[in-house]
Amino acid sequence: LLDLFVYCVMVGYAFIGAGSAAGARHAVSKSSVCFGKGMVSYQTRSSSSKLQMVATPTKPVSSDVSPVTLTRFIIEEGMANADLSHLKDMENLMAAIQLACKKIGSLVARAGISDLTGLESGGGSVNVQGEEQKKLDVLSNDVLKNALRFSGKMGIMASEEEDKPVLVDETYSGNYIAVFDPLDGSSNIDAGIATGTIFGIFDENCSCLSSDWQDKIDGMQLKSMFSTMQPGSNLVCSGYCMYSSSTVLVLTFGNGVHAFTLDRDIGEFVLTTRNLKIPEDGKIYSLNESNELNWDPVIQSYVKSARERGFSSRYIGSMVADVHRTIMYGGMFGYPSDNKNVNGKLRLLYECAPIAFLIEQAGGIATTGRKRILDVIPNAVHQRLPLIIGSKSEVQTIIEMYQEYDKTLKD
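Residues numbered from 1 in each chain as written. Predicted model: local features only at pLDDT ≥ 70, side-chain atom pairs only at ≥ 80, totals over all residues. Heavy atoms only, no water.

A. Region of interest: the sheet that holds strand 8 (residues 247–252). Reading across from one edge, 4-3-5-6-7-8-9-10 is the order of the eight strands in this open sheet, with mixed pairing throughout. The outermost strands of the open sheet, each flanked by one partner alone, are strand 4 (166–167) and strand 10 (268–273). In this sheet, strand 6 (residues 195–203) lies alongside strand 5 (residues 176–184) in antiparallel orientation, the contact comprising seven bridges. Among the inter-strand pairings, phenylalanine 180 is bridged to a residue of strand 6, identified as phenylalanine 199. Packed onto the sheet, helix 2 (residues 70–80) meets strand 8, strand 9 (257–263) and strand 10 and runs at close to 150° relative to strand 9. Packed onto the sheet, helix 4 (residues 135–149) meets strand 3 (154–159), strand 5 and strand 6 and runs at close to 155° relative to strand 5. (Pairing = 2+ DSSP bridges. Helix = DSSP H or I, 4+ residues; strand = E, 2+ residues; numbered from the N terminus. Contact = heavy atoms within 4.5 Å. Axes fitted to C-alpha atoms, helices over the stretch in contact; angles between N-to-C directions.)

Here's what the structure looks like:
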């Protein structure tokens, strides 16, 4: 009882002294009070024999207790980067995109169980590129379109699976344009190989449509075309979501690349890598070598050189998976032009530009071999383009090989 009485008296002095000690300098002393077997320690500051309690610093919060979710990350980035005005709008857009990715990831995981493998309508359903559509191509496209439509920020949507860009209903209309490949690598679904979603976001205020289109289409289509056909350098956000052993969302808002992994226990994308950087070089080249005989001499020479230097060949055939490995391990990935696909095979707006923006933000290079991908102004919404991306040293080597080759042709 005596110990308890002493402690109460000292605490009372501490609270009395706290009100009159503001602004003064105080010496810090430590005191202890004994309660039977235990000892309680606290700090006091002395000033004219008065006591004041001192708060101890807060310990850092463990990521297990308070994980950095995608939503929290965007809010914090917006506060730290006031000059990037689009970040505030990204809260709504990314909420829609991450919801769509969770749903698509769930559909992919259950494709075999839910009878979602195989071709749409049993075959015969063809998209604008003349490619047969899988069941999940159509379903994933609808999932992403509906999620973006109701974000309240979307003005126009352009999908690889759609003939032309689509204006969002006025009720839900906003000022951004989304371009996307809803399910890249869908031909691998039946084999259970990694697939993914690729997306890019433009600001509607920019336009770079060539003037000869104006006489060919009506006013509403013209608005869609003007807003959609922009070079990749105008992107304000891009990324991909890979559906594999884990669901990984990798994105950039123009200030670095960040990776998030879906935590299925809490249903949220959680930050797993901040400021992801592609290695300066690497020992992997990734190309569809079945096309080797149709490649131009530059790519043939590069591959021969890579083999002589002991490089490993890795090619999955799902762009998102190949790109993700290239970002993680370095090296190069490409789908160059060849005799069968003179203009390349990958779509500029839906695949090349969003991935190129991401690669450059990660410290790599994205090129056609002769021109920077982000500088290419589209001449059609489904324009195809050669793509070579990866570590600076390897891609720069290919660029220099093209420059030397073109020089010999002129001579």
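B. Geometry of the state of the cysteines. Enumeration according to the criterion identifies zero disulfides in this entry. Of all cysteine sulfurs in the structure, the one in cysteine 241 sits closest to cysteine 101, which takes part in no disulfide; the separation is 4.0 Å. (Disulfide = S-S within 2.5 Å.)

C. How the structure looks around the environment of alanine 111. Topologically, alanine 111 is positioned in the loop between helix 3 (86–109) and helix 4. When the C-alpha atoms of alanine 111 and leucine 136 are compared, they prove to be 8.1 Å apart, with 25 residues separating the residues in sequence. If we ignore the near neighbours within four places in the chain, the residues touching alanine 111 are Leu116, Thr117, Leu136 and Ile189.

D. The arrangement of the nonpolar core in detail. Core analysis: the biggest nonpolar cluster contains 44 residues, and Tyr240 and Val323 have the highest contact counts within it. In terms of residues, this core owes the most to one element, helix 8 (residues 348–361), which gives ten residues. In this structure, Met90, Leu93, Ile97 and Phe269 belong to the second largest nonpolar core, which totals 43 residues. (Core = buried A, V, L, I, M, F, W, Y, C linked by side-chain atoms within 4.5 Å. Buried < 20%, exposed > 50% of the residue type's maximum accessible area, 1.4 Å probe, protein only.)

E. Representation of the side chain of glutamate 160 within the structure. Within the secondary structure layout, glutamate 160 lies in the loop between strand 3 and strand 4. At a separation of 2.9 Å, a polar atom in the side chain of glutamate 160 contacts the side chain of arginine 347. (Polar contact = N/O pair within 3.5 Å; in protein donor to acceptor, adjacent residues only side chain to side chain.)

F. Layout of the pairing of strand 17 (residues 387–390). Side chains Leu387 and Ile389 of strand 17 all project onto a buried face; the interleaved residues Ile388 and Gly390 project onto the opposite face, where all are buried too. In the sheet, strand 13 (residues 332–335) pairs with strand 17 via four bridges, with the strands oriented antiparallel. Bridging from a neighbouring strand, methionine 332 pairs with glycine 390 of strand 17. In terms of strand pairing, strand 15 (residues 365–367) meets strand 17 through three bridges, oriented antiparallel. Within strand 17, the residue paired with threonine 367 across the bridge is isoleucine 388.

G. Seen up close, unusual backbone geometry. With a phi angle near 55°, asparagine 275 is a residue other than glycine that sits in the positive phi range. Structurally, asparagine 275 can be placed in the loop between strand 10 and strand 11 (284–286).

H. A look at the sheet that holds strand 13. In spatial order, the strands read 12-11-13-17-15; together these five strands make up an open sheet with mixed pairing. Each edge of the open sheet carries a strand with a single partner, namely strand 12 (312–313) and strand 15. Inspection of the sheet shows strand 11 paired to strand 12 by two bridges, in the parallel sense. Of the residues in strand 12, the one forming a bridge with tyrosine 285 is serine 313.

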